[in-house]
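So you can see what is in the structure, the chains are spelled out below.
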Amino acid sequence: MSDRIATTVDGRSLTLTHLDKVWWPETGYTKGQALDYYAKVAPVLLPHLAGRPATFIRFPHGVDGGSRFYNKHVPPGAPDWVSTIEVVGRDESRHQVDVDSLATLMWAANLAAIELHVPQWGADPDGHDRLVLDLDPGPGAGMAECREVALLARDLLAADGLTCVAKTSGSKGLHLYAALEPTPEAAVGAYAKALAVRLEGDRPDLVVYRMAKNLRAGHVFVDWSQNASAKTTAAPYTLRAQPEPTVSTPVSWAEIESDAELVFDPAQVLERVTRDGDVFAPLLAASTTGRLP
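Rules and cut-offs
Residues numbered from 1 in each chain as written. Predicted model: local features only at pLDDT ≥ 70, side-chain atom pairs only at ≥ 80, totals over all residues. Heavy atoms only, no water. Salt bridge = Lys/Arg side-chain N within 4 Å of Asp/Glu carboxyl O. Helix = DSSP H or I, 4+ residues; strand = E, 2+ residues; numbered from the N terminus. Buried < 20%, exposed > 50% of the residue type's maximum accessible area, 1.4 Å probe, protein only. Pairing = 2+ DSSP bridges. Contact = heavy atoms within 4.5 Å. Axes fitted to C-alpha atoms, helices over the stretch in contact; angles between N-to-C directions. Phe/Tyr/Trp six-rings, centres within 6.5 Å; stacked < 30°, edge-to-face > 60°.

Student: Give me the lowdown on the pattern of salt bridges, citing residues and values where you can.
Tutor: Tallied over the entire structure, the rule returns 14 salt bridges. For the salt bridge of E115 with R240, the shortest nitrogen-to-oxygen distance reads 3.2 Å. Residue E115 is located in strand 9 (residues 113-118), and its partner R240 is located in strand 16 (residues 239-240); the two are separated by 125 residues in the primary sequence. For the pair E115 and R240, one class covers both residues: buried. Notably, a salt bridge pairs R275 with D276, separated by 2.8 Å at the nearest N-O pair. Overlapping salt bridges bring together R52, D129 and R130 as one network.

Below, the structure written as structure tokens:
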């Protein structure tokens, strides 16, 4: 295979490079296979990326290559057709990529942006339209405990009028989301923390809301701090840089309530999308947008 392949994506000229390079040595999964996955999953992935400043986690030599770095600023040499979002911060302003098209997605993936992360807001860092809870099992806990906490959190959110959807982290935990009308960062963070405190209060044997690692053994840490404007979370359908290629995969509540396996590779995710469509679509629907109590 040639090291450089010129192609056109949605009318944009791209040069894809080193497609036969192995990015996941344990399985032999290549860069070309990763780009093919992103091209095929784009119809359900792009709506969850577009309009949000993307953070890329880039692995130039693959997941075991010994180097990775976060890329918030627009990478040097970006084509002039790549859309950007200006993010105004306390100390600096920067432009970040808006992954709003298949061409931009393929350009980013070609730069070894294996993981795609976005914040819980779009144009306004103080207008959050998502609430997220990151369920992270500590030593001695696992997916079974995360499932139990997810169901408890879902019911508390529902009691407050919020519709919750879930996805795997692509690692060992779960991410829960609820769509919000634009809400100040402080209010979302305070609500998320209070919810985590309630969960620990109800099930101190299972849940911990504090970040201290010495408290996590046998518990699920409910990370409410992901609602800070400065933080990002793995996007739905993004690849994750695990020893084997996994995907942060939207899952149904029926799957969480069962004992079904909740680790998915790219091929399995594409099969799921063909069968079920975008399980995370409710997050984009106006009918599920809620207001904090």
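Student: Give a detailed account of the sheet that holds strand 18 (residues 250-251), specifying residues and quantitative values.
Tutor: In spatial order, the strands read 13-14-10-12-11-18; together these six strands make up an open sheet with mixed pairing. The strands lining the two open edges of the sheet, one partner per strand, are strand 13 (207-208) and strand 18. Pairing of strand 11 (residues 164-168) with strand 12 (residues 174-183), which is carried by five bridges, proceeds in the antiparallel orientation. Pairing of V165 across the sheet is with Y177, part of strand 12. Against the sheet, helix 4 (residues 185-202) engages strand 10 (128-137), strand 12, strand 13 and strand 14 (220-223), with an angle of about 30° to strand 10.

Student: Provide a residue-level description of the sheet that holds strand 15 (residues 233-234), including the pertinent values.
Tutor: Spatial strand order, 6-5-9-15: four strands in an open sheet with antiparallel pairing. Where the open sheet ends on each side, the last strands, each with one partner, are strand 6 (69-71) and strand 15. Of the pairings in the sheet, the one linking strand 9 to strand 15 comprises two bridges and is antiparallel in character. Its bridge partner lying in strand 15, H117 is registered against A234.

Student: Describe helix 2 (residues 102-110), naming the residues involved and giving the relevant values.
Tutor: The α-helix winds at 3.6 residues per turn, so residues separated by three or four positions along the chain end up facing the same way. In terms of residue burial, helix 2 counts as a mostly covered element, since eight of its nine residues are buried. Once helix 2 ends, the next one or two residues include A112, with phi positive near 70°.

Student: Account for the packing of aromatic side chains, with residues named and values stated.
Tutor: Scanning the model with the defined rule gives five aromatic pairs in all. Residues F56 and W107 carry aromatic rings whose centres are separated by 6.5 Å and whose planes lie at 75° to one another, so their mutual orientation is edge-to-face. Placement of the pair is F56 in strand 5 (residues 55-58) and W107 in helix 2, with a sequence separation of 51 residues. Summarising the burial analysis for this pair, F56 and W107 share the class buried.

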